[in-house]
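Notes for the structure review
Here is how the chains run, residue by residue.
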Amino acid sequence: MLTLVYPGTFDPITRGHEDITRRAAQLFGGVIVAVAENVNKKTCFSLEERVDMATEVFAGDPRIEVKGFRGLLSHFLKDQHANIILRGLRAVSDFEYEFQLAGMNRNLAPDVETLFLSASDPFMFVSATIVREIFRLGGDVSPFVHPAVLAYLNAKAESF
Ligand code: ADP
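Report follows, based on the coordinates. (Residues numbered from 1 in each chain as written. Predicted model: local features only at pLDDT ≥ 70, side-chain atom pairs only at ≥ 80, totals over all residues. Heavy atoms only, no water.)

1. Structural notes on the side chain of Asp94
Rules: Only DSSP runs of H or I reaching four residues or more are called helices, and only runs of E reaching two or more are called strands; each is numbered from the N terminus. Contacts between residues were defined by any pair of non-hydrogen atoms, one from each residue, lying within 4.5 Å.
In this structure, Asp94 sits in helix 4 (residues 92-108). In this view, Asp94 contacts Gly88 and Leu89; residues no more than four positions away in its chain are not counted.

Here it is, written out as structure tokens:
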């Protein structure tokens, strides 16, 4: 049996993340969206908020579970008995980092394979960072995020 984990910061979850998740769920029957605490980046939304947003986005889809985790991904994978890490690739610029990460995760969790799905055309240029930046500058981000995420952004507007 395959257990897929899609790890990321999801600060906030975008239509691009959503697309990768739903396509993987369609292909493999299910996926766990694993929202990382991320101690390296100062996130805009707390871990709890990021988990809540993703949970709202995927509400009603029984194939998709959302879980937050702290610490090493390899430990979380073991806890979940997961054997596949799912990642998305947008452009060549993602490749080097993703390749390095996959190599490190192979060392830390040799039984787990990293699998990549390429971004769908309309989401090729969508990143959480760019969504936050456009929102901060007063632009319309509604094409790039789920309405539930837009509500979270609007509620936090003054702290951007
Ligand atoms: P980001 O801040 O770049 O959106 P995350 O850590 O939240 O990064 O992303 C988790 C994974 O999702 C990464 O593998 C990233 O490359 C991928 N990803 C992010 N945005 C998209 C997108 N628009 N299409 C496909 N994959 C994406």
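On we go.
2. A look at the sheet that holds strand 4 (residues 84-89)
We apply this condition: Criterion used throughout: strands pair if DSSP finds at least two bridges between them. Axes, fitted as lines to C-alpha atoms, cover a helix only where it is in contact. Angles between the N-to-C directions of the axes lie from 0 to 180 degrees.
Taken in spatial order, the 5 strands line up as 3-2-1-4-5 in an open sheet, and their pairing is parallel. The open sheet has two edge strands, strand 3 (64-69) and strand 5 (113-118), and neither has a second partner. Each neighbouring strand pair of the sheet contributes to a mean axis angle of 30 degrees, computed without reference to strand direction. Sheet topology places strand 4 next to strand 5; 6 bridges connect them, and they run parallel. Directly across from Leu86, in strand 5, lies its bridge partner Leu115. Running at roughly 175 degrees to strand 3, helix 2 (residues 47-57) makes contact with strand 2 (31-36) and strand 3 of the sheet.

3. A short note on the pattern of salt bridges
Quick note on the threshold: A pairing counts as a salt bridge when a side-chain nitrogen of Lys or Arg comes within 4 Å of a carboxyl oxygen of Asp or Glu. For each residue, the accessible area found with a 1.4 Å probe, counting protein chains only, is set against the maximum for its type, and the residue is called buried under 20%, exposed over 50%, and partly exposed in between.
Tallying each qualifying case throughout the model produces 14 salt bridges. The shortest N-O distance in the salt bridge between Arg70 and Glu48 comes to 3.6 Å. On the criterion of sequence distance, the pair formed by Arg70 in the loop between strand 3 and helix 3 (73-80) and Glu48 in helix 2 is long-range, its members being 22 residues apart. The shortest N-O distance in the salt bridge between Arg63 and Asp61 comes to 2.8 Å. Overall, Arg63 belongs to the partly exposed group, its relative accessible area being 29%. Through salt bridges with shared partners, a single ionic network connects Arg15, Glu18, Arg22, Asp61 and Arg63.

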